[in-house]
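# Remarks on the overall topology
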Amino acid sequence: MTLEMESPEAKGSLLLADDDNAFRQRLALTLGRRGFAVTAASSLTEARELIPGLRPDYAVLDLRLGDGNGLDLVAELRSVRPDTRVVILTGYGNLATAVAAVKEGAIDYLAKPADPEDIVHALLAPAGERPEPPAEPMSADRVRWEHIQRVYELCDRNVSETARRLKMHRRTLQRILAKRSPK
């Protein structure tokens, strides 16, 4: 599924590749409102098909796509357009993949759920400069809650399976899921 959004005062074309439909649609809408001409792809294959014709100024790529690794797209984007500014998003962040992303040519590596403002700041940071740290980063409680929610959704809202994967007692998980999200 390709989703295209364009603002009248576009800052440039942007390829958004993420296999989480709800997250991709919200982020595409937000980035479109911020002035980017967004073309969204739901898979590695779909993104690969779009790259030659789109030749995007910017790219926001999920590290783990359903059919492959978003890092593979960085080199492909650079071969088509060397000045493409790429931000990698992941829900499974670790130091090794962050280093690999930067070595491939990504300008930043953000943990999901990334704030759209942080993504925009990373994309628009002057070349050679590091993006500003977030003014109000998510609290540790919020990051934990978001991670639990993501795993819960990936397990098709199965509490027992989510608890097993998170190595957590089922009743503890039920209590967490029953509460509102922390600030």
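All figures in this text were calculated on a predicted structure; none of them were measured in a lab.

Checked against the element boundaries, D72 lands in helix α3 (residues 71-80). The sequence separation of D72 and R48 amounts to 24 residues, and the corresponding C-alpha distance is 9.7 Å.

Strand β4 (residues 58-62) sits mainly inside the fold: 5 of its 5 residues count as buried. Side chains Y58, V60 and D62 of β4 all project onto a buried face; the interleaved residues A59 and L61 project onto the opposite face, where all are buried too. By the bridge criterion, 4 bridges tie strand β2 (residues 12-17) to β4 in an arrangement that is parallel. Across the sheet, L14 pairs through a bridge with Y58, a residue of β4. As judged from the 5 bridges shared by β4 and strand β7 (residues 85-90), these two strands associate in the parallel manner. Paired with Y58 across the bridge in β7 is R85.

This brings us to the pattern of salt bridges. Pairing is possible between side chains of opposite charge, provided their charged atoms come close. Taken as a whole and assessed by the stated rule, the structure comprises 6 salt bridges. With a shortest N-O distance of 2.6 Å, R34 and E117 are connected by a salt bridge. Remark: E117 occurs in helix α5 (residues 116-124) and R34 occurs in the loop between α1 (21-33) and β3 (36-41); sequence separation between them is 83 residues. Relative accessible area serves as the criterion here: at 34%, E117 is assigned to the partly exposed category. For R165, the salt bridge is made with E161, and the minimal N-O distance between the two is 2.6 Å. Remark: E161 and R165 occur in helix α7 (residues 159-166); sequence separation between them is 4 residues, near one turn of the helix.

With that settled, the discussion passes to the packing of aromatic side chains. Ring pairs (aromatic) are described by centroid distance and by the angle formed between their planes. For the structure shown, the criterion picks out 1 aromatic pair. For the pair F36 and Y58, a centre-to-centre distance of 5.2 Å together with 90 degrees between the ring planes defines the contact as edge-to-face. Of this pair, F36 sits in strand β3 while Y58 sits in strand β4, and the two are 22 residues apart along the sequence. For the pair F36 and Y58, one class covers both residues: buried.

It is worth spelling out the confidence of the model for the chain at this point. Scored by pLDDT, the chain has a mean of 82; 84% of the residues are at 70 or more. Across the chain, the element-wise mean pLDDT spans from 46 in strand β1 (residues 3-5) up to 94 in α7. Between residues 1-8, whose pLDDT stays under 50, and residues either more than four places distant or in other chains, the model counts 28 contacts.

Among the residues making up helix α2 (residues 44-54), those that are buried are L44, E46, A47 and I51. Axial view of α2: buried residues confined to an arc of 145 degrees, hence all on one face. Looking at α2, the residues exposed on the side facing more than 90 degrees away from the buried face are E49, P52 and G53. On its buried face, α2 sits against β2, β3, β5 (64-65), β6 (68-69) and α3. Looking one or two places after α2, you find R55, whose phi comes out positive at around 45 degrees.

By the burial criterion, the buried members of α3 are L71, L73, V74 and L77. Taken end-on, α3 shows its buried residues confined to a sector of 140 degrees, consistent with a single buried face.

Turning our eyes to something else, we now look at the environment of G105. Counting through the fold element by element, G105 comes out in the loop between α4 (95-104) and β8 (108-111). Spatially, the C-alpha atom of G105 lies 9.3 Å from that of P82, the residues being 23 residues apart in sequence. If we skip the residues at most four places from it in the chain, G105 touches V74 and R78.

Quick notes on the rules
- Note that residues are indexed from 1 along each chain, following the sequence as it is written.
- The predicted origin of the model limits local features to residues at a pLDDT of at least 70 and limits the giving and counting of side-chain atom pairs to 80 or more, whereas totals for whole chains, interfaces and linings rest on all residues.
- Side-chain numbers here rest on the full set of heavy atoms in the structure, without hydrogens or water.
- Numbering goes from the N terminus for both helices and strands, where a helix is a DSSP run of H or I of at least four residues and a strand is a run of E of at least two.
- For each residue, the accessible area found with a 1.4 Å probe, counting protein chains only, is set against the maximum for its type, and the residue is called buried under 20%, exposed over 50%, and partly exposed in between.
- Pairs of strands are assigned from DSSP output, requiring at least two bridges between the strands.
- Take a side-chain nitrogen of Lys or Arg and a carboxyl oxygen of Asp or Glu: if they are within 4 Å of each other, that pair is a salt bridge.
- Any Phe, Tyr or Trp ring, taking Trp's six-membered ring, that has another such ring centre within 6.5 Å forms a pair; planes under 30 degrees apart are called stacked, those over 60 apart edge-to-face, and the others tilted.
- In predicted models, pLDDT denotes the confidence assigned by the predictor to each residue on a 0 to 100 scale.
- Only heavy atoms enter the contact rule, under which two residues are in contact if any of them lie within 4.5 Å.
- An arc is given here, and it is the one of the directions from the helix axis to the C-beta atoms.

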